[in-house]
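# Inside the fold
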Amino acid sequence: MQDGDFLISPVARWKTAPPESLIVTHSGIRGRPQEGLTVEVVEDAVQGLVELLSHRGVDLSLAVARDERPAGESLACQVIEAALAAGADVVDLGAVSTP
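Residues numbered from 1 in each chain as written. Predicted model: local features only at pLDDT ≥ 70, side-chain atom pairs only at ≥ 80, totals over all residues. Heavy atoms only, no water.

## Remarks on the nonpolar core
Leu22, Leu37, Val41, Val42, Val46, Val50, Leu53, Leu62, Ala82, Ala83 and Ala88 together form the largest nonpolar core, which totals eleven residues. Those elements that provide at least two residues to this core are α1 (39-55) and α2 (72-85). Sort the elements by how many residues they give to this core and α1 lands first, with five residues. What Ala88 contacts, discounting residues up to four positions off in sequence, is Val50, Leu60, Leu62 and Ala83. (Core = buried A, V, L, I, M, F, W, Y, C linked by side-chain atoms within 4.5 Å. Buried < 20%, exposed > 50% of the residue type's maximum accessible area, 1.4 Å probe, protein only. Helix = DSSP H or I, 4+ residues; strand = E, 2+ residues; numbered from the N terminus. Contact = heavy atoms within 4.5 Å.)

Structure below.
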């Protein structure tokens, strides 16, 4: 990662290109857990987000919510662990309804 890469996008910090099975846009990352959306991908994206917030001087407090799909709880735990490891404070909202 070059010094300014994370100013553009948290996913710019990935060491390799994201798997083709992922949909990566300005609004997030979509994919199937363990089929492209691996623990490493989640960790890199969350760490990149925390670095971006830190660089911009934004409070490092994140809220994590999930839906009721089978992998939701495990994925939320991965996000929370990665955010805490990167130095963010985390509020776990648990399962929430989606529009």
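## A few points about unusual backbone geometry
For Gln34, which is not a glycine, the phi torsion comes out positive at approximately 70°. Along the polypeptide, Gln34 turns up in the loop between β3 (32-33) and β4 (36-37).

## A closer look at the environment of Glu20
Along the chain, the position of Glu20 falls in the segment before β1 (23-25). You can call Glu20 exposed: its relative accessible area is 83%.

## Remarks on α1
Along its 17 residues, α1 runs 24 Å from first to last C-alpha, staying within 8% of the 24 Å computed at 1.5 Å per residue. Restricting attention to buried positions, one finds in α1 the residues Val41, Val42, Asp44, Ala45, Val46, Gly48, Val50, Leu52 and Leu53. Looking at the packing, one finds that the buried side of α1 touches β2 (28-30), β4, β5 (61-66) and α2. Trailing α1 by a residue or two, Gly57 shows a phi angle of about 75°, which is positive. (Expected span 1.5 Å × (residues − 1).)

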